[in-house]
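# Reading the structure
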Amino acid sequence: MNATAPSRSSAGTVPAPRPGTTPVGLSGPHPVLDVVIPVYNEEADLEPCIRRLHAHLEEHVTYPYRITIADNASTDETLHVAERLAREIPEVVVHHLDEKGRGRALRAVWSTSDASVLAYMDVDLSTDLAALAPLVAPLLSGHSDLAIGSRLARGARVVRGPKREFISRCYNLILKSTLAAKFSDAQCGFKAIRGDVARRLLPHVQDTGWFFDTELLVLAQRSGLRIHEVPVDWVDDPDSSVNIVATATADLKGVARLTRATFTGEVPISRLREQLGREPIGVEAPGVPPSLARQLVRFVAVGVASTAAYLLLFLLLRTMVGAQAANFTALLVTAIANTAVNRRVTFGVRGRTGAGRHQFEGLIVFGLGLVLTSGSLALLNGTTHPGLVLETTVLVLANLAATVLRFLLLRGWVFNPRRGRATAEENR
């Protein structure tokens, strides 16, 4: 296999690497790792947490680091404990906020930190610190952009009650069904992100509370960033002060807001993908088209949905305009939608460039499908007097055959990447 060389600009220079993709230097005047501990009224747990974390870092980390205590407007002695620890331990600093909110604290610290990798963990240290090194390592190497501890990934070992387990799994199921989340655990308080990536994403994260994590991860996923998951050992803190009902309610509101923002284009996903998204790996194998298996699976999913939509439209229109007109209308409507969805989802073509040509050529493919389905319908009606069941069955089979033809033509002709590269070179 031959890897393609990095693309060069017209001046012959290699473009600057995208944020998050280069290895982090482990020496220099600034900390490599900044671990943030957001706290609110944690005067009892703060000192044991910081001393345990500091001892772990001293023993296992060979590069400069910082521990930042982010005090979220505590009303007890938390701030005084934090300031005392900062005086005793050189690597500990304190950042005080006048308002509550875990998301607000993380954004405030991460936005101003000079560290190359930014992490955070809950003050109860429910996650075993042995997972910190594998959490940070792929970010240091440039392999990944974000890393999350997961209590739901294979290999994780978790001790917690059935109520929290049920709520956690239901929440992640909601994320997968509504926001198409691919990560397994959004709310585990054990995450890290590249500093250069954080500076691009944080301005677009609106939530200031517990939904902050989820919103950041969804934006990262849709921007084409790589999210690394680390299975963790996690023991539930029975004294946790988190209000589960209030947190779940706020999270569901966040899901609704983020869903709406996605449909309205409020968040500039396309621009973020252009700035941050990782390019295809650029490997070609003779005789094997790139991403064939993935494209085929996605095309089949789109095709099944299109067939169902076509069948529904046909059945609704058949009694009003007749079989041939119903077939034409249903096929036309679903063909236009099918081309648009396949353009983005199956073949990964984004932006408006070439969209008109793609739809025009897609209509040509539609015409071939129309000939196939209409011809089957005409042949059926010309040789027999079919009932609704037989007529529908023949049309479904013909439409599936047209779908196979459509995939071959869309892949090999309409969305052929070589045509796109040739057009781009002609326009230079």
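Counting starts from 1 at the beginning of each chain's written sequence and moves along it residue by residue. Where local features are concerned, this predicted model is filtered to residues with pLDDT of at least 70; where side-chain atom pairs are given and counted, the filter is 80 or more; whole-chain, interface and lining totals use all residues. Values reported for side chains reflect all heavy atoms of the structure, with hydrogen atoms and water molecules removed beforehand.

### Re the overall build of the protein chain
We count it as follows: For helices the rule is a DSSP run of H or I covering at least 4 residues; for strands it is a run of E covering at least 2, with both sets numbered from the N terminus onward. Residue burial is assigned from relative accessible area. The probe radius is 1.4 Å, only protein chains are included, and a residue is buried under 20% of its type maximum, exposed over 50%, and partly exposed in between.
Assigned secondary structure in the protein chain consists of 14 helices and 11 strands. Counting only residues that meet the buried cut, the protein chain has 43% of its 428 residues in that class.

### Let's talk about the side chain of Thr 214
The following threshold applies: Any two residues whose heavy atoms approach within 4.5 Å are treated as being in contact.
Among the structural elements, Thr 214 can be located in helix α7 (residues 212-222). Relative accessible area serves as the criterion here: at 0%, Thr 214 is assigned to the buried category. Discounting chain neighbours no more than four positions away, the residues touching Thr 214 are Tyr 171, Leu 175, Phe 183, Ala 186 and Gln 187.

### Focus on α7
Burial within α7 is extensive, with 11 of its 11 residues counted as buried. Every buried residue belonging to α7 is among Phe 212, Asp 213, Thr 214, Glu 215, Leu 216, Leu 217, Val 218, Leu 219, Ala 220, Gln 221 and Arg 222, and all of these are buried. Positive backbone phi, at 85 degrees, marks Gly 224, one or two positions downstream of α7.

### Looking at a nonpolar patch on the surface
Our working definition: Distance thresholds for patches are 9 Å for like charges and 5 Å for nonpolar side chains (Val, Leu, Ile, Met, Phe, Trp, Tyr), applied to residues having over 30% relative accessible area and no salt bridge. For accessible areas, the Shrake-Rupley method is used with a probe of radius 1.4 Å. Any residue's cover is judged against the shown protein chains and nothing else. Any Lys or Arg side-chain nitrogen located within 4 Å of an Asp or Glu carboxyl oxygen qualifies as a salt bridge.
On the surface, Leu 296, Val 300 and Val 304 cluster together into a nonpolar patch covering about 250 Å² of accessible area. Owing to a relative accessible area of 53%, Val 304 belongs among the exposed residues under this scheme.

### Some details on the packing of aromatic side chains
Going by this rule: The criterion for an aromatic pair is that two Phe, Tyr or Trp rings (for Trp, the six-membered ring) have centres within 6.5 Å, with stacked assigned to planes under 30 degrees apart, edge-to-face to planes over 60 apart and tilted to the rest. Cation placement over rings: the criterion is NZ of Lys or CZ of Arg within 6 Å of the ring centroid and within 35° of the ring normal.
Tallied over the entire structure, the rule returns 3 aromatic pairs. An angle of 55 degrees between the planes, with centres 6.3 Å apart, marks the rings of Trp 110 and Phe 212 as tilted. Of this pair, Trp 110 sits in helix α3 (residues 102-112) while Phe 212 sits in helix α7, and the two are 102 residues apart along the sequence. This pair shows no difference in class: Trp 110 is buried, exactly as Phe 212 is. Both rings, one in Tyr 310 and one in Phe 314, keep their centres 6.3 Å apart while their planes meet at 20 degrees; by these two values the pair is stacked. Here Tyr 310 pairs with Phe 314, and both are found in helix α10 (residues 292-321), just 4 residues apart, close to one helical turn. For Tyr 310, a relative accessible area of 2% gives the class buried. Accessibility expressed as a relative area gives 1% for Phe 314, which makes it buried. Three or more aromatic residues joined by ring pairs form one cluster here, namely Trp 110, Tyr 120 and Phe 212. Over the face of the ring belonging to Tyr 40 we find Lys 100, whose NZ or CZ atom lies 4.2 Å from the ring centre.

### Digging into the pattern of salt bridges
Per the stated rule, a full pass over the model turns up 18 salt bridges. Close ionic contact of Arg 66 with Asp 34 constitutes a salt bridge, the shortest N to O distance being 3.0 Å. In this pair, Arg 66 is assigned in strand β3 (residues 65-72) and Asp 34 in strand β2 (residues 33-39), connecting sequence segments 32 residues apart. Across the pair Arg 157 and Asp 233 runs a salt bridge, and its minimum N-O distance is 2.7 Å. Of this pair, Arg 157 sits in strand β7 (residues 157-159) while Asp 233 sits in strand β10 (residues 233-235); the two residues are 76 residues apart in sequence, bridging distant segments of the chain. What you see here is one network of salt bridges that share partners, running through Glu 47, Arg 51, Arg 84 and Glu 88.

### A closer look at the side chain of Thr 68
Spelled out, the test is: N or O atoms closer than or at 3.5 Å make up a polar contact, with two conditions inside protein: a donor-capable atom paired with an acceptor-capable one, and, for residues adjacent in sequence, both atoms drawn from side chains.
Its place among the elements puts Thr 68 in strand β3. By relative accessible area, which is 3% here, Thr 68 ends up buried. A polar atom in the side chain of Thr 68 sits 2.8 Å from the side chain of Asp 34. Once you skip the residues sitting within four places of it in the chain, Thr 68 turns out to touch Asp 34, Val 35, Val 36, Ile 37, Val 93, His 95 and Val 109.

### Comments concerning the packing of helix α11 (residues 323-346) against helix α13 (residues 388-414)
Put simply, the test is: Helix axes are fitted to C-alpha atoms over the stretch in contact, other axes to C-alpha atoms as well, and angles between N-to-C directions run from 0 to 180 degrees. The handedness criterion is simple: a crossing whose near helix is rotated anticlockwise from the far helix by less than a right angle is left-handed, and one whose near helix is rotated clockwise is right-handed. Charged residues are taken to be Asp, Glu, Lys and Arg, nonpolar residues to be Ala, Val, Leu, Ile, Met, Phe, Trp, Tyr, Cys and Pro, and polar residues to be all remaining types, Gly included.
Packing of α11 against α13 brings their axes to within 13 Å, and their N-to-C directions diverge by 30 degrees. The handedness of the crossing between α11 and α13 is right-handed. Contacts between α11 and α13 involve Ala 323, Asn 327, Leu 331, Ala 335, Asn 338, Thr 339 and Asn 342 from the first element and Glu 391, Leu 395, Asn 399, Arg 406 and Leu 410 from the second. Considering only residue class, the contact of α11 with α13 consists of 5 nonpolar, 5 polar and 2 charged.

### Details of the sheet that holds β2
Threshold: For two strands to count as paired, DSSP must find a minimum of two bridges between them.
Pairing is mixed across the open sheet formed by 7 strands, whose spatial order is β4-β3-β2-β5-β8-β6-β9. Each of the sheet's edge strands pairs with one partner strand only, and the pair in question is β4 (92-97) and β9 (227-231). Direction aside, the axes of adjacent strands within the sheet are offset by 20 degrees on average. Pairing of β2 with strand β5 (residues 117-121), which is carried by 4 bridges, proceeds in the parallel orientation. Within β5, the residue paired with Val 36 across the bridge is Tyr 120. In the packing of helix α4 (residues 132-141) onto the sheet, the strands contacted are β2, β5, β6 (146-150), β8 (190-194) and β9, and the crossing angle to β8 comes to about 15 degrees. In the packing of α7 onto the sheet, contacts are made with β5, β6, β8 and β9, and the angle to β6 comes to roughly 130 degrees.

### Some points on the confidence of the model for the protein chain
Put simply, the test is: Each residue carries a pLDDT score, the predictor's confidence in it, ranging from 0 to 100.
Predicted confidence across the protein chain gives a mean pLDDT of 83, with 88% of residues reaching 70 or more. Scored below 50 in pLDDT, residues 1-11 shows 15 contacts in the model against residues more than four places distant or in partner chains.

### Digging into the environment of Met 121
Of note, Met 121 is situated in strand β5. Considered as a pair, Met 121 and Ile 37 are 84 residues apart in the sequence and their alpha carbons are 5.8 Å apart.

### Here's the deal with the pairing of β5
Buried residues dominate β5, accounting for 5 of its 5 residues. A two-sided burial pattern is seen for β5, the buried positions comprising Val 117, Ala 119 and Met 121 on one face and Leu 118 and Tyr 120 on the other. By the bridge criterion, 5 bridges tie β5 to β8 in an arrangement that is antiparallel. Bridge assignment links Val 117 to a residue of β8, and that residue is Arg 194.

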